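# An overview of the molecular structure
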Amino acid sequence: MRSINTYETAKKQVGAIKGFYAHLTLFILVSVLILASKGTLLEVVAEKNHEVDPNFVAWLDWNFIAVILIWGTVILIQGLVVFGRPLIKKWEKRKIEAYLRKDRDGIL
């Protein structure tokens, strides 16, 4: 019984780490694409509208950055959840060891 629970827990953790790295890779690729296309999009808007409102350009520019900042914050939170902070990791380790002891002793 112990090896099944341990295996499932390890499998979930590996899946969470794999998901985090996939999300991080997507974030980096999309961020690079956004930053690379920002100038081009602003030029297209300027060509379509001969006089572009500077407030609109500032708003558009801020939105490019805001998307990256908000998504980066989500990535940071996901990283903290997946890899855990040091205090939480110690607590988790103690709890897992306690459950494994109970399982080994036949209490669970």
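Thresholds, definitions, all that
- Residues numbered from 1 in each chain as written.
- Predicted model: local features only at pLDDT ≥ 70, side-chain atom pairs only at ≥ 80, totals over all residues.
- Heavy atoms only, no water.
- Helix = DSSP H or I, 4+ residues; strand = E, 2+ residues; numbered from the N terminus.
- Rg over C-alpha atoms; globule rule 2.2 N^0.38 Å.
- Buried < 20%, exposed > 50% of the residue type's maximum accessible area, 1.4 Å probe, protein only.
- Contact = heavy atoms within 4.5 Å.
- Areas by Shrake-Rupley, 256 points an atom, 1.4 Å probe, with all protein chains shown as cover.
- Lys, Arg positive; Asp, Glu negative; His and termini not counted.
- Charge placed at Lys NZ, Arg CZ, Asp CG, Glu CD.
- Salt bridge = Lys/Arg side-chain N within 4 Å of Asp/Glu carboxyl O.
- Polar contact = N/O pair within 3.5 Å; in protein donor to acceptor, adjacent residues only side chain to side chain.

The number of helices and strands found in the chain is three helices and zero strands. The order of α-helices and β-strands along the chain, N terminus first, is α-α-α. Here the chain has a C-alpha radius of gyration of 23 Å; the compact-globule value for 108 residues is 13 Å, and the former is much larger. With respect to the three principal axes, the spread of C-alpha positions in the chain is 80 × 20 × 15 Å. Looking at the chain as a whole, 13% of its 108 residues qualify as buried. Put simply, of all contacts in the chain between residues at least 6 apart along the chain, 72% involve residues at least 24 apart. As displayed, the chain offers around 8700 Å² of accessible surface, 68% of which is attributable to carbon and sulfur atoms. Within the chain, one finds 15 positive and 10 negative side-chain charges whose respective centroids are separated by 18 Å.

A full pass over the atoms with the stated rule returns two salt bridges. With a shortest N-O distance of 2.9 Å, Lys38 and Asp61 are connected by a salt bridge. Of the two residues, Lys38 is situated in helix α1 (residues 2-48) and Asp61 in helix α2 (residues 54-83); the sequence distance between them amounts to 23 residues. In this structure Asp61 comes out as partly exposed when scored by relative accessible area, which is 28%.

Mapping Asn63 onto the fold places it in helix α2. There is a polar contact of 2.7 Å between the side chain of Asn63 and the backbone oxygen of Trp59.

When you line up the elements, Asp53 lands in the loop between α1 and α2. Overall, the relative accessible area of 43% leaves Asp53 in the partly exposed class. Along the backbone, Asp53 and Arg94 are 41 residues apart, and their C-alpha atoms lie at a distance of 59 Å.

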